[in-house]
Amino acid sequence: MAEARNPQERPQESSPLASLGLRLSDWFERWFPDAFALALAAAAIVATAAILTGSGPLETAQRFGAGFWDLVTFTMQMSMIVVTGYAVATAPPVYAIIRALAKVPSTGPGAAAFVGLFSMLASLVSWSFSLIFSGLLAREVTHRVPGADYRAVGAAAYLGVGSVWALGLSSSAALIMAAPASLPDSIEKISGVIPLGQTLGLWQSMVVAAAIIVVSMAISYFSAPAASQARGMAEMGVAYEPPRFNTGTRQTPGEWLEYSPLLTIVVSALGLGYMVREVATAGPGIILDLNHYVFLFLIVGLLLHWRPRSFVQAIAAAITPVGGVLIQYPIYAGIVRIMTEGGLAAQLAHFFVTISTRETYPVMIGIYSAFLGLFIPSAGGKWLIEAPYMLDAAKSLEVHLGWVVQTYNATEALANLIHPFWMLPLVGILGLKARDIVGYSMLQFVVHVPLVLFLVWALNYTLAYVPPVL
């Protein structure tokens, strides 16, 4: 029997921002191409631009083909981050924490804001941790909260990688500049080593991160549609399936090792011994190195699952989300080779540098970094391309060198909000396509761009130039 409705009760209506979010979401779901098609389109655009600026067609093709394998290591790292992170997150002790966190929000807007906050705070520690755990939290929250929109919550889970991650401890550019061993000679001759206190430790950098977090949460909250207009997991064609690893019982003598924790204990002891020695030698920061990070998650995942059979089942469940990573990242590697060896990146950098003054320089390099991020979605690799031009010009204009690094960090992430490159692991976990969440991330992008550019410009006035120690 239908529940009686109060005659004074009115259907809940979405706010103006939520209505805009719905329109953007509907538009992008209809018009935004599949992530793989977008990667092919980016390759075609960059190849055409390279040819028009002087590179020969065969030369461009050679660069694309040769560059196709440049990101093989990084592709493997990303794939391992997804599968090992998924294995850790779905282990019973950790997934219990995710479920406990999912009980915090009680409304659809609150769910989006809560997941966004978790994503951004987690990304300040590790962007890869944020990407995987936020995706699983988004699934659990949407399942538990009536009226939560899966698209809006999924986009909120992406906010860490799309906003503040580079202002945190896993910042590629800041870590490169602070470590003499990883700093190329060509850059060190220009700027010298820039310690973290002059980049991540600047109070101006913390102000930017805090402002982005507050504004992003507000957008997530007020853009989430009303319950009557929300589309949950079922409406998006995604079935909620909590991790269930039924290892069963041993049937044959040969399966004894699969069910015994003996090998888990031995291998985990070896792995933890290695990690302890690495930390003792290089310091705790070594854990944020991707290779060490993945290795640690592998060992922790083994321990949490205890039995090898349970761990293998978790890994098997995580394979699907990495499909897009395996096929698309090599295409972007070819694009990077065309832009770097063909001179496109250098030409763009030279243009933005020549039209800058000391006051406008952070804004100009911010626009340049965000634009280039659409074609070279790799913060560390892109910084190595841009740094010589940026830092040399900053010395000439007497702009604080650490602030140049942080301006790059704050603006480089802007392109991530609308670029499917980093969305792939997340949407794989969510069971969605990039087009399903990019409408809401575009809404964030429209606000983030002027906000971030204003902050890097205004805060530049509070910093005095410090000559590098070479």
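Please refer to the structure higher up on the page.
Since the model is a prediction, treat every value here as computed from it, not as a measurement.

A short note on the nonpolar core
Soluble globular proteins tend to bury their nonpolar side chains together.
Here is step 1 of the chain: Residues Met78, Ile335, Trp383, Leu391 and Trp422 are the most contacted members of the largest nonpolar core, which totals 135 residues.
Here is step 2 of the chain: For this core, the element with the most residues is helix α23 (residues 434–460), which contributes eleven residues.
Here is step 3 of the chain: Those residues in contact with Met78 that lie beyond four places of it in its chain are Trp127, Leu131, Val325, Tyr329, Trp422 and Pro425.

Topic: empty space enclosed by the protein
Here is step 1 of the chain: Enumeration according to the criterion identifies one cavity of 30 Å³ or more in this entry.
Here is step 2 of the chain: The space that makes up the largest cavity amounts to roughly 70 Å³.
Here is step 3 of the chain: Around the largest cavity sit Ala152, Ala155, Ala156, Leu159, Ile219, Ser220, Ser223, Tyr440, Ser441 and Gln444, which together line it.
Here is step 4 of the chain: Among the elements of the structure, α8 (150–157), α12 (203–223) and α23 are those that each provide at least two residues to the lining of the largest cavity.

Thoughts on the packing of aromatic side chains
Here is step 1 of the chain: All chains considered together, the criterion is met by twelve aromatic pairs.
Here is step 2 of the chain: Measuring from ring centre to ring centre gives 5.0 Å for Trp27 and Phe28, while their planes differ by 80°; the resulting arrangement is edge-to-face.
Here is step 3 of the chain: Note on Phe68 and Trp69: the rings are 4.9 Å apart at their centroids and 80° apart in plane angle, and the pair reads as edge-to-face.
Here is step 4 of the chain: According to the relative accessible area criterion, Phe68 is partly exposed, its value standing at 23%.
Here is step 5 of the chain: Look at Trp69 and you get exposed, because its relative accessible area is 59%.

Section: the environment of Lys433
Here is step 1 of the chain: Checked against the element boundaries, Lys433 lands in the loop between α22 (423–430) and α23.
Here is step 2 of the chain: Each C-alpha atom, one on Lys433 and one on Pro33, is 9.8 Å from the other, the two residues being 400 residues apart in sequence.
Here is step 3 of the chain: Beyond its immediate chain neighbours, meaning those up to four positions away, Lys433 contacts Asp34 and Val427.

Observations concerning the packing of helix α3 (residues 57–67) against helix α17 (residues 323–341)
Here is step 1 of the chain: Where α3 contacts α17, the axes come no closer than 7 Å and their chain directions differ by 135°. Comparing the axis directions of α3 and α17 gives the class oblique. Regarding α3 and α17, the two cross each other, and that crossing is right-handed. Across the interface between the two elements, Thr60, Arg63, Phe64, Ala66 and Gly67 from α3 touch Pro330, Ile331, Ala333, Gly334, Ile335, Arg337, Ile338 and Glu341 from α17.
Here is step 2 of the chain: Along the lines of polarity and charge, the residues of the contact of α3 with α17 split into seven nonpolar, three polar and three charged.

About the thresholds
All chains use their own residue numbering, which begins from 1 and follows the written sequence. Restriction of local features to residues with pLDDT of at least 70 applies here, the model being predicted, together with a cutoff of 80 or more for giving and counting side-chain atom pairs; totals for whole chains, interfaces and linings are based on all residues. Side-chain descriptors were evaluated using all non-hydrogen atoms of the structure, hydrogens and water having been removed beforehand. Take the buried residues of types Ala, Val, Leu, Ile, Met, Phe, Trp, Tyr and Cys, join any two whose side-chain atoms come within 4.5 Å, and each joined set is a nonpolar core. The buried label applies to any residue whose accessible area, calculated with a 1.4 Å probe on protein chains only, is under 20% of its type's maximum; exposed applies above 50%, and partly exposed to all values in between. Numbering of helices and strands starts at the N terminus; helices are DSSP runs of H or I of at least 4 residues and strands are runs of E of at least 2. Residues count as neighbours in contact if any of their non-hydrogen atoms are within 4.5 Å of one another. Put simply, the grid is 1 Å and covers the protein atoms alone, a cavity is a trapped set of points that fit a 1.4 Å probe, a pocket is an open set with protein on both sides within 12 Å along at least five of seven lines, and lining residues have an atom within 4 Å of a point. Grid points are joined across faces, edges and corners, and a volume is the space filled by probe spheres set on the points. Pairing of aromatic rings covers Phe, Tyr and Trp, the last counted by its six-membered ring, and requires centre-to-centre distances within 6.5 Å; plane angles under 30 degrees mean stacked, over 60 mean edge-to-face, and any other angle means tilted. Lines fitted to C-alpha atoms define the axes here, with helix axes fitted over just the stretch in contact, and angles between the N-to-C directions of these axes take values from 0 to 180 degrees. Our angle categories are set so that under 35 degrees counts as roughly parallel, over 145 as roughly antiparallel, 65 to 115 as roughly perpendicular, and the remainder as oblique. Each crossing gets its hand from how the near helix is turned against the far one by less than a right angle, where anticlockwise is left-handed and clockwise is right-handed. Gly is put with the polar residues, along with every residue not named as nonpolar or charged; the nonpolar set is Ala, Val, Leu, Ile, Met, Phe, Trp, Tyr, Cys and Pro, and the charged set is Asp, Glu, Lys and Arg.

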